[in-house]
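Take a look at the letters that make up each chain.
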Amino acid sequence: MEEDESTTPKKKSDSQLNLPPSMNRPTVSLESRINRLIDSNHYHSPSKPIYSDRFIPSRSGSNFALFDLASSSPNKKDGKEDGAGSYASLLKTALFGPVTPEKSDVVNGFSPSGNIFRFKTETQRSLNLYPPFDSDVVTGVSPSPVKSPRKILRSPYKVLDAPALQDDFYLNLVDWSAQNVLAVGLGNCVYLWNACSSKVTKLCDLGVDETVCSVGWALRGTHLAIGTSSGTVQIWDVLRCKNIRTMEGHRLRVGALAWSSSILSSGSRDKSILQRDIRTQEDHVSKLKGHKSEICGLKWSSDNRELASGGNDNKLFVWNQHSTQPVLRFCEHAAAVKAIAWSPHHFGLLASGGGTADRCIRFWNTTTNTHLNCVDTNSQVCNLVWSKNVNELVSTHGYSQNQIIVWKYPTMSKLATLTGHSYRVLYLAVSPDGQTIVTGAGDETLRFWNVFPSPKSQSRESEIGALSFGRTTIR
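- As recorded in an unreviewed UniProt entry, the protein goes by the name WD40 repeat, listed as coming from Arabidopsis suecica.
- Its UniProt record gives the protein a comment under Pathway (unreviewed entry), which states: "Protein modification; protein ubiquitination."
- Its UniProt record gives the protein a comment under Sequence similarities (unreviewed entry), which states: "Belongs to the WD repeat CDC20/Fizzy family."

Printed below as a string of structure tokens:
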């Protein structure tokens, strides 16, 4: 007989929970609740979310495009992901890239070209999808900022009138001493200008029959050599304003002078160079012959071992302390060589400049007797001088631009081009601190320029003379 379900009571199962009669909710078996908790990652209650005390990552919320990985995993079983396999696959791909090394490869020295200790350009690109301000952004790691070039003032901070300053390419009429005193030959007189006090002193007057052709300070800055148009060389004590010695030996004018300790070298239009030791009674101790025309440039190296000479015969010669014949002969210039400068930064590096028909600055290695470089300046080269603070040099020019150029060595890039003289810039000297240069020209002016940094701070601009701007006269 069929039982009536409404009247026949059900037998309680041991798996059912004892619930209070007041709670009106369906009965839930213990087994079904446990299964629901175990499978909590895949089951979501329609009424409220289930939270756990651990963070379990969800693939649906991962940004696999950031690492250039596919979101789908090949390790699936019946539509469900294999967690351990997916994690291992992602880890290998992130570390080694698409090519995963096997054990045998590692033993045999396999070197993965993957992502270990390396940024990927793809990752950088994805992070820079939205550059700020709609600017063009270069992908990859941005380069370090380029150091801005040093600022060089394009105008002189001081101008001195120099009446009767001769417009003669073969003379050397301006020199700056270690005591910060500028010597200038004007006509038949020599004047001294103190850079600290701006005081002008007339040192000497040679008379109407002679003119000053060259001036050169001794290393200590207390004695000045003067080359004259008659071929004599005078030594003056500037502290006492007294001529202490007059030396002969040249037949024609002396247009070039160079000091090396107690040795004074003089170059003349008579094509000879005389070596004079001021400690001896003789007018000269040796005579150097080799040039076929007037000597217009003389410079001793910083170690006082080599003397460079330039002449109107377009030749550049190098002499040692004891030679009477040149030990090196450079004949590449096509015009007179007046501009000569030894580098204080590189042993044996010599720079020279040619006249109007040449217009080139050339560099020489005197230790190996080699020609290093040639730069066409498109203008007559009148003077060269190196900075002792930085690896730079200055050249002054004549026809046809009358400019002053600051160069960066060894690239020979132009740092600044200074203009202001209306005649050839024939004279050049450097202050004892190495920051300021003075230039002279046939326009009868001396102009002072701040071009080099100080030795303490190469990036800071020099302040020398900033408060003394103006135009005055030197006599």
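1. Let's talk about the overall build of the protein
Okay, step 1: When helices and strands are counted, the protein shows four helices and 31 strands.
Okay, step 2: Looking at the protein as a whole, 43% of its 475 residues qualify as buried.
Okay, step 3: Within the protein, residue pairs in contact and separated by at least 24 positions form 45% of the contacts whose partners lie at least 6 positions apart.
Okay, step 4: Accessible area for the protein stands at about 27,300 Å²; split by element, carbon and sulfur atoms hold 52% of it.

2. Thoughts on the pairing of strand β16 (residues 295-300)
Okay, step 1: Here β16 lies mainly inside the structure; five of its six residues are buried.
Okay, step 2: Of the pairings in the sheet, the one linking β16 to strand β17 (residues 306-311) comprises five bridges and is antiparallel in character. If you follow W300 over to β17, its bridge partner there is L307.
Okay, step 3: A loop of five residues connects β16 with β17, the two strands running antiparallel in sequence, and N304 in this loop sits at a positive phi of about 60 degrees.

3. Re the UniProt feature "repeat: WD" (unreviewed entry) in the protein
Okay, step 1: Here the UniProt feature "repeat: WD" (unreviewed entry) sits at residues 288-329 and 418-451.
Okay, step 2: Note that residues 418-451 is 0% helix and 56% strand, and that its end C-alpha atoms are spaced 10 Å apart.

4. Concerning the sheet that holds strand β9 (residues 223-228)
Okay, step 1: Strand order in the open sheet formed by four strands is β8-β9-β10-β11, with antiparallel pairing between adjacent strands. Unpaired on one side and paired on the other, β8 (212-217) and β11 (242-247) mark the two borders of the sheet. The sheet shows a mean angle of 25 degrees between the axes of neighbouring strands, taken without regard to direction.
Okay, step 2: Pairing between strand β10 (residues 233-237) and β11: five bridges, direction antiparallel. Residue I235 lies in a different strand from β11, and its bridge partner there is R245.

5. Considerations on the nonpolar core
Okay, step 1: Membership of the largest hydrophobic core comes to 38 residues, with the highest contact counts inside it found for L182, L203, L224, L446 and F448.
Okay, step 2: Secondary structure elements with two or more residues in this core: β4 (174-176), β5 (181-186), β6 (189-194), β7 (200-205), β8, β9, β28 (425-430) and β30 (445-450).

6. Examining the confidence of the model for the protein
Okay, step 1: The pLDDT averaged across the protein works out to 80; a share of 68% of its residues lies at or above 70.
Okay, step 2: Below pLDDT 50 for its whole length, residues 72-81 participates in 12 contacts with residues either more than four positions away or in separate chains.
Okay, step 3: Taken as a whole, residues 106-141 scores under 50 in pLDDT and shows 22 contacts with residues more than four places along the chain or in a different chain.

7. Some words on the pattern of salt bridges
Two side chains with opposite charge may pair up if their charged atoms get near one another.
Okay, step 1: Taken as a whole and assessed by the stated rule, the structure comprises nine salt bridges.
Okay, step 2: Between R240 and D237 there is a salt bridge, with the nearest N and O atoms lying 2.9 Å from each other.
Okay, step 3: What makes R240 exposed here is its relative accessible area of 52%.
Okay, step 4: A salt bridge links E294 to R269, with the nearest nitrogen and oxygen atoms 3.4 Å apart. On the criterion of sequence distance, the pair formed by E294 in the loop between β15 (286-289) and β16 and R269 in the loop between β13 (263-268) and β14 (272-277) is long-range, its members being 25 residues apart.
Okay, step 5: Residues participating in the shared-partner salt-bridge network are D168, R253, R269 and E294.

8. Some details on the side chain of D168
Okay, step 1: Note on placement: D168 falls in the loop between β3 (158-161) and β4.
Okay, step 2: On the basis of relative accessible area, D168 is assigned to the buried category, the value being 17%.
Okay, step 3: Leaving out residues up to four positions away in the same chain, D168 has contacts with R253, R424, L426 and Y427.

9. Examining the packing of aromatic side chains
Okay, step 1: Summed over all chains, the structure comprises nine aromatic pairs.
Okay, step 2: On the numbers, 6.2 Å between centres and 70 degrees between planes, the contact of F363 with W386 is edge-to-face. Residue F363 is located in strand β22 (residues 360-365), and its partner W386 is located in strand β24 (residues 381-386); the two are separated by 23 residues in the primary sequence.
Okay, step 3: Residue F363 is classed as buried on the basis of its relative accessible area, which comes to 0%.
Okay, step 4: Overall, the relative accessible area of 6% leaves W386 in the buried class.
Okay, step 5: Considering the side-chain rings of F363 and Y409, the 4.9 Å spacing of their centres and the 45 degrees angle between planes classify their relative orientation as tilted. Here the residue F363 occupies a position in strand β22, and Y409 occupies one in the loop between β26 (404-408) and β27 (413-418), the gap between them amounting to 46 residues.

10. Examining the sheet that holds strand β19 (residues 328-330)
Okay, step 1: In space, the four strands of this open sheet follow the order β16-β17-β18-β19, with antiparallel pairing throughout. The sheet is open, and its two edges are formed by β16 and β19, each paired on a single side. Adjacent strand axes in the sheet meet at a mean angle of 20 degrees, parallel and antiparallel pairs treated alike.

11. Details of the environment of I361
Okay, step 1: With respect to the helices, strands and loops of the structure, I361 is situated in strand β22.
Okay, step 2: Separated by 12 residues in sequence, I361 and N373 place their C-alpha atoms 8.2 Å apart.
Okay, step 3: When residues no more than four places from it in sequence are discounted, the contact partners of I361 are S352, G353, N373, C374, V375, T377, V381, L384, S395 and W407.

12. What about a positive patch on the surface?
Okay, step 1: On the surface, a cluster of positive charge is contributed by R251, K271, K287, K289, K292 and R329.
Okay, step 2: Relative to the elements of secondary structure, R251 occurs in the loop between β11 and β12 (254-260).

Reading the values: the criteria
Residues numbered from 1 in each chain as written. Predicted model: local features only at pLDDT ≥ 70, side-chain atom pairs only at ≥ 80, totals over all residues. Heavy atoms only, no water. UniProt positions renumbered as here; feature names shortened; annotations may be inferred. Helix = DSSP H or I, 4+ residues; strand = E, 2+ residues; numbered from the N terminus. Buried < 20%, exposed > 50% of the residue type's maximum accessible area, 1.4 Å probe, protein only. Contact = heavy atoms within 4.5 Å. Areas by Shrake-Rupley, 256 points an atom, 1.4 Å probe, with all protein chains shown as cover. Pairing = 2+ DSSP bridges. Axes fitted to C-alpha atoms, helices over the stretch in contact; angles between N-to-C directions. Core = buried A, V, L, I, M, F, W, Y, C linked by side-chain atoms within 4.5 Å. pLDDT = per-residue confidence, 0-100. Salt bridge = Lys/Arg side-chain N within 4 Å of Asp/Glu carboxyl O. Phe/Tyr/Trp six-rings, centres within 6.5 Å; stacked < 30°, edge-to-face > 60°. Patch = residues over 30% accessible without salt bridge, like charges linked within 9 Å, V, L, I, M, F, W, Y side chains within 5 Å. Lys, Arg positive; Asp, Glu negative; His and termini not counted. Charge placed at Lys NZ, Arg CZ, Asp CG, Glu CD.

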